[in-house]
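Summary of the model geometry
Residues per chain, in single letters:
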Amino acid sequence: MADPQYSFRSREVSPHQRAVLRALLWFTCSAVLCFAALHFYVGDIWLAVAELCLVAYAALLLYVLQEIERLRPRSLLFIVPFFIVMMYALASPENGATVFVWVLLVPLLSHLLLGRWQGMVVAMVFMGCAGVILARKFEVTPGMPGLIEVVHVILCAIAIAGFSHVYEASRERTEAELRRLALVDPLTGLANRSRFRDVFAQERQRFLRHKTPVSLLVVDVDHFKRVNDDYGHDAGDVALCFVADILAGRIRKTDVAGRLGGEEFGILLSGADIDYARPVANMLCERVRLRACRYRGQEIALSISIGIAELGRDGLDFRSVFANADRRLYKAKAEGRDRVVG
Ligand SMILES: Nc1nc2c(ncn2[C@@H]2O[C@H](COP(=O)(O)OP(=O)(O)OP(=O)(O)O)[C@@H](O)[C@H]2O)c(=O)[nH]1
């Protein structure tokens with residue numbers, strides 16, 4: 001299997017985090033507002049003011065939430081003041097021991113919004129603070145009767161932190177695997193068509209902004225049906241991986257090779273105009289022709305045909321650049337195969 005010769009963009013695709021942050025912001029705007037009114041009423045003015053500031057901040061974030069692209073840093077910037085106000089409420093002499101149940105939210109929210117590592121660090125810091133506040137406020141000493149209640153709260157918070165951590169670790173692994181499967185062709189390990197078009201769109205942006213040339217090579221294995229017919233479908237799959245390995249192995253790290261479907265591949269050569277792309281394509285043809293593809297002790301003779309088009313010269317969108325490369329590919333086939341037209 002060919003290694004995917006490109007790195008996946010660390011695009012933040014975390015709809016669940018956005019949903020949790022939205023719920024937390026709504027909760028802050030409603031429940032914390034009620035607490036602010038209550039604390040005004042009982043004369044705990046500073047706590048009420050802190051809560052009102054938090055409510056205003058939450059309302060502002062709610063307003064812009066849809067536009068926020070990188071959610072995790074913003075979540076951190078909200079969750080830290082949220083927990084600070086919580087710690088302040090815990091320390092307030094007006095509040096009794098029951099207020100400590102809110103500490104149980106700390107590990108859960110931290111993990112859901114910040115992921116397992118950042119979440120664990122933030123949870124540990126604030127749970128530690130809560131423990132110190134609890135011990136000081138109620139002057140807990142070893143052997144005193146209330147100690148067992150304190151231990152309950154602490155152990156429950158630690159258990160929630162542990163479960164959240166395990167859950168988040170497994171969720172992150174699953175998400176990474178799903179994301180990989182959505183971008184990679186399972187047979188060859190190359191970028192799939194959808195990922196290939198994404199990269200084309202990025203290259204197109206670079207071209208429009210900086211005029212960086214890009215060439216598209218459309219590659220098709222010659223008489224591939226015969227490979228399947230003569231050696232069987234498994235041998236056909238091995239041949240496709242063989243070609244994919246050559247394509248991926250002979251291009252630069254900044255270029256991308258993808259499987260566009262069936263026995264058709266695409267290569268995007270970044271920073272390459274058609275004159276630069278032509279010798280690269282010829283070298284790929286030569287490699288496939290000269291290297292032996294082996295299947296169960298047999299040698300399968302393979303060749304490829306390539307059509308080349310250049311972004312800008314042959315159109316400004318995927319459809320037209322691809323159509324031009326494809327037209328040249330069929331010209332290469334018509335002229336006898338195992339050649340490059342572009
Ligand atoms: N083994 C295997 N075969 C595939 C796969 N995808 C498509 N094919 C086969 O690829 C063959 C393509 O055949 P054609 O489109 O006629 O093209 P060709 O035989 O390569 O002929 P030219 O392109 O004209 O040189 C078909 O027989 C498909 O069944 C795959 O994933 N694995």
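Residues numbered from 1 in each chain as written. Predicted model: local features only at pLDDT ≥ 70, side-chain atom pairs only at ≥ 80, totals over all residues. Heavy atoms only, no water.

Under an unreviewed UniProt entry, the name given to the protein is diguanylate cyclase, and the organism recorded is Salinisphaera dokdonensis CL-ES53.

So, the site of the ligand
For the ligand, the set of nearby residues contains 16 residues, the closest of which are His-223, Phe-224, Lys-225, Asp-237 and Arg-259. At a separation of 3.1 Å, an oxygen atom of the ligand approaches a polar side-chain atom of Glu-263. The contact in question runs from an oxygen atom of the ligand to an N or O atom on the side chain of Arg-337, over 2.9 Å. Within the complex, the protein chains bury 68% of what would otherwise be the 670 Å² of accessible surface of the ligand. Looking at the shell around the ligand, the elements with two or more residues in it are β1 (214–221), α8 (224–231) and α9 (233–249). A total of four residues in the shell around the ligand trace back to one element, the largest contributor, which is α9. (Near = heavy atom within 4 Å. Polar contact = N/O pair within 3.5 Å; in protein donor to acceptor, adjacent residues only side chain to side chain. Areas by Shrake-Rupley, 256 points an atom, 1.4 Å probe, with all protein chains shown as cover. Helix = DSSP H or I, 4+ residues; strand = E, 2+ residues; numbered from the N terminus.)

Observations concerning the side chain of Glu-203
Of note, Glu-203 is situated in helix α7 (residues 193–210). Judged by relative accessible area, which is 9%, Glu-203 ranks as buried. A distance of 3.3 Å separates a polar atom in the side chain of Glu-203 from a polar atom in the side chain of Ser-270. The contacts of Glu-203, once residues within four sequence positions are left out, are Val-214, Leu-268, Ser-270 and Leu-311. (Buried < 20%, exposed > 50% of the residue type's maximum accessible area, 1.4 Å probe, protein only. Contact = heavy atoms within 4.5 Å.)

A look at the pattern of salt bridges
Summed over all chains, the structure comprises 17 salt bridges. Among the salt bridges present, the one from Arg-259 reaches Asp-185, with a minimum N-O distance of 3.2 Å. Here Asp-185 lies in the loop between α6 (147–183) and α7 and Arg-259 lies in strand β2 (residues 256–261), a separation of 74 residues in the sequence. The exposure classification of Arg-259 matches that of Asp-185, with both residues buried. Across the salt bridge formed by Lys-333 and Asp-222, the nearest N and O atoms sit 3.0 Å from each other. Of this pair, Lys-333 sits in helix α11 (residues 318–334) while Asp-222 sits in the loop between β1 and α8; the two residues are 111 residues apart in sequence, bridging distant segments of the chain. Across the pair, Asp-222 and Lys-333 agree in class, each one buried. (Salt bridge = Lys/Arg side-chain N within 4 Å of Asp/Glu carboxyl O.)

Some points on the UniProt feature "transmembrane region" (unreviewed entry) in the protein
The feature "transmembrane region" (unreviewed entry), as given by UniProt, occupies residues 20–39, 45–63, 75–91, 121–138 and 150–170 in the numbering adopted here. Regarding residues 20–39, the helix share stands at 100% and the strand share at 0%, and the terminal C-alpha atoms are separated by 26 Å. Helix makes up 100% of residues 45–63 and strand makes up 0%, while its end C-alpha atoms are separated by 27 Å. (UniProt positions renumbered as here; feature names shortened; annotations may be inferred.)

Overview of the pairing of strand β3 (residues 264–270)
Judged by how many residues are buried, β3 sits mostly within the fold: seven of seven residues are covered. What you see with β3 is no split at all: Glu-264, Gly-266, Leu-268 and Ser-270 on one side and Phe-265, Ile-267 and Leu-269 on the other are buried throughout. Summarising the sheet, β1 and β3 pair through seven bridges and their orientation is antiparallel. Residue pairing across strands places Asp-220 opposite Glu-264, the latter belonging to β3. Two elements, β2 and β3, share five bridges in a ladder whose sense is antiparallel. Opposite Arg-259, over in β3, you have Phe-265 as the bridge partner. Following β2, the chain reverses through two residues before pairing antiparallel with β3; Gly-262 in that reversal takes a positive phi of roughly 50 degrees. (Pairing = 2+ DSSP bridges.)

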